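# Summary of the model geometry
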Amino acid sequence: MWWQETKIVLTKPVSMEKESDADSAYKAPSLMKRILSLFKNMRPGSDLTHFQVPPLFNMPKSQLQCFGEEVYATACDLLSRCNIGRTPIERFISVVAWSISTRRRLPAFGVVPYNPILGETHHVSSGNLNVLAEMVSHHPPVAALRGTNEKENIETICCAYVVAKFNGAGVEGEVHGKRQLKLHSHGETYEMNNPSFMVRFIPVSSSDWVGNVIIRCPESGLEAELCYSGQTLFKFRANRRSSIKGKIIDSASRKILYEINGNWDSIVTVKDTNNDEVKVIYDAKEVISGLQPPILKDPE
């Protein structure tokens, strides 16, 4: 035949399993090759925003797909749980859990998704949730996302712009931009920022989310302060990796209502400061395990 059938495949979302989040045929370059490539072209403090990564180091996935997966790639519907809470504090705790669920395992050092072109989109429907991500700016590279669940009357709007710098021991990136989660049935809007990421290659290769996240709901007056912390350069301790601590407070009285503790890639709990009752609000194994790639219904 003069023509050949074209097969379009979207790669598997990042999940808790150990297999690569990319196609099974993809093999990342060796760690030493990745390190040498950066030392050849970068100096400590260099801005990586305009750094041209060789195609060999690109995983077969767009940055827009990674952005969208944070919202739609879950094994259970955490967004709907935010809406069914009977009280403002119940809904707020569910929003905190949803915010934590958007943190996913970072790619290996020196391996990055493809940069989208201006105007490129990524659209996925999952149950009642419709997610559309678009590259809305090229200089600087800004991605925007809108997710809607008309049945639950939920809307989320996000934008992200990453400023990554090479610090000599790895790459640190500040994720600029805000997230909004709107529960229209309750008249509540939740606003939150993003943690930064740290990818190291010495003393050993590692990656983690670091920094502070503030979640606010002006209508209820509730506020959460979350601290993501990873391993430091010379104080390499396993129990610090992926840790998250924080608190939920009444912004008017500054009273601490709940204490948050755990790991964003395993279990996160809250403790009621009134009666010391502890309960699990997030289980990463339940939420981001066994994820399947989206199915392309229309090749056109």
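Note that the structure is a prediction, hence the values are computed from the model and not measured. (Residues numbered from 1 in each chain as written. Predicted model: local features only at pLDDT ≥ 70, side-chain atom pairs only at ≥ 80, totals over all residues. Heavy atoms only, no water.)

### Considerations on the pattern of salt bridges
In plain terms, the rule: One side-chain nitrogen of Lys or Arg within 4 Å of one carboxyl oxygen of Asp or Glu is enough to make a salt bridge. Summary of the burial criterion: residues with accessible area below 20% of their type's maximum are buried, those above 50% are exposed, and those between are partly exposed, where the area comes from a 1.4 Å probe applied to protein chains only. Runs of E in the DSSP output that reach at least two residues are strands. Runs of H or I that reach at least four are helices, and both are numbered from the N terminus.
Tallying each qualifying case throughout the model produces eleven salt bridges. Here arginine 86 and glutamate 90 are joined by a salt bridge, their closest N and O atoms 3.3 Å apart. Taking the relative accessible area as the measure of exposure, arginine 86 reaches 71% and is therefore exposed. For the salt bridge of arginine 254 with glutamate 223, the shortest nitrogen-to-oxygen distance reads 4.0 Å. Of the two residues, arginine 254 is situated in the loop between strand E14 (243-250) and strand E15 (255-263) and glutamate 223 in strand E13 (residues 222-229); the sequence distance between them amounts to 31 residues. Several salt bridges converge on common partners, so that one network encompasses Arg216, Glu223, Glu225, Lys247 and Arg254.

### What to know about the pairing of strand E2 (residues 58-62)
Going by this rule: Two strands pair under a simple rule: DSSP has to find at least two bridges between them.
Within E2, four of the five residues are buried, leaving the element largely enclosed by the surrounding structure. Two elements, E2 and strand E3 (residues 112-114), share two bridges in a ladder whose sense is parallel. Across the sheet, residue serine 62 finds its bridge partner in E3, namely tyrosine 114.

### Let's talk about the environment of threonine 102
To keep things clear, this is the line we draw: Any two residues having at least one pair of non-hydrogen atoms within 4.5 Å are treated as being in contact. A 3.5 Å cut-off defines polar contacts: any pair of N or O atoms within that distance qualifies, except that in protein one atom must be a possible hydrogen donor and the other a possible acceptor, and neighbouring residues in sequence count only when both atoms are side-chain atoms.
Here threonine 102 shows up in the loop between helix H4 (88-101) and E3. Judged by its relative accessible area of 1%, threonine 102 is buried. When the C-alpha atoms of threonine 102 and asparagine 194 are compared, they prove to be 9.6 Å apart, with 92 residues separating the residues in sequence. Threonine 102 has contacts with Glu70 and Arg179, leaving out every residue within four places of it along the chain. There is a polar contact of 2.6 Å between the side chain of threonine 102 and the backbone oxygen of serine 99.

### Notes on the packing of aromatic side chains
Rule in force here: Ring geometry is summarised as follows: Phe, Tyr and Trp rings, the Trp one being its six-membered ring, pair when their centres sit within 6.5 Å, and such pairs are stacked at plane angles under 30 degrees, edge-to-face over 60 and tilted between the two.
Applying the stated rule across the entire model yields two aromatic pairs. Arranged with centres 5.9 Å apart and planes meeting at 50°, the rings of phenylalanine 92 and tyrosine 190 form a pair that is tilted. With phenylalanine 92 in helix H4 and tyrosine 190 in strand E10 (residues 188-192), this residue pair connects regions lying 98 residues apart in the sequence. Given a relative accessible area of 0%, tyrosine 190 falls into the buried group.

### Quick look at H4
Heads up, the condition is: Working rule for helices: expected span equals 1.5 Å times residues minus one.
The terminal C-alpha atoms of H4 lie 20 Å apart, and with 14 residues this matches the ideal 20 Å at 1.5 Å per residue to within 8%. Burial within H4 is extensive, with ten of its 14 residues counted as buried. Within the span of H4, buried status applies to Arg91, Phe92, Ile93, Val95, Val96, Ala97, Trp98, Ser99, Ile100 and Ser101.

### Observations concerning the nonpolar core
Going by this rule: For the purposes of this section, nonpolar cores are sets of buried Ala, Val, Leu, Ile, Met, Phe, Trp, Tyr and Cys residues that join through side-chain atoms within 4.5 Å.
Counting 60 residues, the largest nonpolar core has Phe92, Val96, Ile100, Leu181, Ile215, Leu226 and Tyr282 as the members making the most contacts within it. It is H4 that contributes the most residues to this core, seven residues altogether. With residues up to four places along the chain from it excluded, the contact list for leucine 181 reads Leu79, Cys82, Val95, Trp98, Ile154, Glu155, Thr156, Glu188, Thr189, Tyr190 and Met192.

### A few points about helix H2 (residues 63-72)
For H2, the tally of buried residues reaches nine of ten residues, placing the bulk of the element in the interior. Within the sequence span of H2, burial applies to Leu64, Gln65, Cys66, Phe67, Gly68, Glu69, Glu70, Val71 and Tyr72.

### What to know about the pairing of strand E8 (residues 170-176)
Look at any regular strand and the pattern is simple: side chains alternate between the two faces of the sheet. Bridge analysis of strand E7 (residues 154-166) against E8 gives six bridges, and the strand direction is antiparallel. Within E8, the position partnered with tyrosine 161 by the bridge is histidine 176. Count of turn residues in the E7/E8 antiparallel hairpin: three residues, of which glycine 168 carries a positive phi of about 95°.

### Details of the state of the cysteines
Selection criterion: Cysteine sulfur pairs qualify as disulfides if the two atoms are within 2.5 Å.
With the rule as written, the count across this model stands at zero disulfides. Take cysteine 159: it sits in no disulfide, and the sulfur closest to it among the cysteines is that of cysteine 158, at 8.0 Å. For cysteine 159, a relative accessible area of 32% translates into the label partly exposed.

### Examining the confidence of the model for the chain
What counts is decided by this rule: Confidence scores here are pLDDT values: one per residue, from the predictor, ranging 0 to 100.
Summing up the model confidence of the chain, the mean pLDDT is 84 and the portion of residues at 70 or higher is 78%. Note that residues 19-25 has pLDDT below 50 and, in this model, 14 contacts with residues that lie over four places away or in other chains.

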